[in-house]
Amino acid sequence: MFALKKHVVHIVKYRVLWIVLSAILLTPGIIAMLYSSITYPNHAPMKVGIDYTGGTILQYGLKQNISNKDLTTTRTNLEKIGVENPYLQILNVNNTQQNETQNNINSIISIRTKFIGESSDDVQNITNALQTQFENPELIQVSSVGPTMGKELFKNSFIAVALAFLGICIYLSLRFRFDYAIAAILGIFHDVIFVCGMFSILGLRYNVQINGLFITAILTVIGFSVHDTIVVFDRIRENLRYYSKKMTFGEIVDASVNQTLARSINTSLTTLITLLALYFFGGVTTKDFVLAMILGIAIGTYSSIFFCSMLVDFWNDKKNSPRPPVKETVTA
């Protein structure tokens, strides 16, 4: 019992602080999603990629190194030939990729635009526009998603997330008390809203778009968050069996969180180190996916330690708080 009272962090004592901190973390993203829903033509809370809207990505290999300043001229040239709102991106080529290419490609320019059919001359027109600015641009990849397929992928992604939430709700309700399950579910919403809000901000500020990999990252974050929360709740339930008559519920929550604190932080740190290595040294196509994972695991660690545990303690206080006496009225 003496060991249980040695606390590194205090959940109950600073309960209001954790509520305020969560509000600070979530509010900018919520505002960004509301603003995006109003301003985007499809009223999506985040900027969606061609996986969901339909479109075409063309990648051209260039012998010369290009910078973001060159993209301004490229965008102007593309708009002159009728390409509406092109999304341009520079993909750097590392030394290994240079050795594997026969034409000594030093830069890759990625162009995202509306859907281009197979019989269309738009691809050749885009190639001609690039030839006026760069020396012998080489078309190395073309990938297209039709509008119908984009809507189908969006529907399937929504169904996948909904089924994941439903399965977790059923499992947590059977495994723990109902209030524990509600706290864990709110923790999941807390993490998902934070990640989606950050990507909404990145979409507004840096034109970052979400695709099918983003949904994969969200599902992974949900699983990681629930796993960490279950570890904390298991320790709370175990300590209640032995110390419920010697300690208050708030003291048991504090003790349980501190017992699992080192494990949660160590697990998250080792995962984040791997993800950071992938983000800085991995491929460009997976950067946004890895970034979503980094944000999700970081906020999931925070929510399982502070947010969900705080909710359990808060609801226990409300449930056990004495009710005010009912005044009886005497009628003549």
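For the structure itself, consult the block above.
Quick notes on the overall build of the protein chain
Counting its secondary structure elements, the protein chain contains ten helices and four strands. Ordered by position in the sequence, the α and β elements of the protein chain form the string α-α-β-α-β-α-β-α-β-α-α-α-α-α. Counting only residues that meet the buried cut, the protein chain has 43% of its 332 residues in that class. Here the contacts in the protein chain between residues at least 6 apart in sequence split such that 79% fall between residues at least 24 apart. Here the protein chain has roughly 18,800 Å² of accessible surface; of this, 60% comes from carbon and sulfur atoms.

Considerations on the packing of helix H1 (residues 15-39) against helix H7 (residues 178-206)
Closest axis-to-axis distance for the H1/H7 pair is 8 Å, and the angle between their directions is 50 degrees. Looking at the two axes, H1 sits oblique to H7. The interaxial crossing formed by H1 with H7 has left-handed handedness. Residues Ser22, Leu25, Leu26, Pro28, Gly29, Ile30, Ala32, Met33, Tyr35 and Ser36 of H1 pack against His190, Ile193, Phe194, Cys196, Gly197, Ser200, Ile201 and Leu204 of H7. The residue inventory of the contact of H1 with H7, partitioned by class, reads twelve nonpolar, six polar and no charged.

Brief notes about a nonpolar patch on the surface
There is a patch of nonpolar side chains on the surface, built from Phe158, Ile159, Leu163, Leu166, Ile170 and Leu174 and spanning about 660 Å² of accessible area. Structurally, Ile170 is set in helix H6 (residues 147-175). Taking relative accessible area as the criterion, Ile170 reaches 47% and is therefore assigned partly exposed.

Brief notes about the environment of Gly203
Position of Gly203 relative to the elements: it lies in helix H7. Take Gly203: its relative accessible area is 1%, and that puts it in the buried class. Beyond its immediate chain neighbours, meaning those up to four positions away, Gly203 contacts Tyr40, Lys47 and Val208.

Rules used in this analysis
Residues numbered from 1 in each chain as written. Predicted model: local features only at pLDDT ≥ 70, side-chain atom pairs only at ≥ 80, totals over all residues. Heavy atoms only, no water. Helix = DSSP H or I, 4+ residues; strand = E, 2+ residues; numbered from the N terminus. Buried < 20%, exposed > 50% of the residue type's maximum accessible area, 1.4 Å probe, protein only. Contact = heavy atoms within 4.5 Å. Areas by Shrake-Rupley, 256 points an atom, 1.4 Å probe, with all protein chains shown as cover. Axes fitted to C-alpha atoms, helices over the stretch in contact; angles between N-to-C directions. Parallel < 35°, antiparallel > 145°, perpendicular 65-115°, else oblique. Left-handed = near helix turned anticlockwise from the far one by under 90°. Nonpolar A, V, L, I, M, F, W, Y, C, P; charged D, E, K, R; others polar. Patch = residues over 30% accessible without salt bridge, like charges linked within 9 Å, V, L, I, M, F, W, Y side chains within 5 Å. Salt bridge = Lys/Arg side-chain N within 4 Å of Asp/Glu carboxyl O.

So, to be careful, I would describe these as geometric facts and stop short of saying anything about function.
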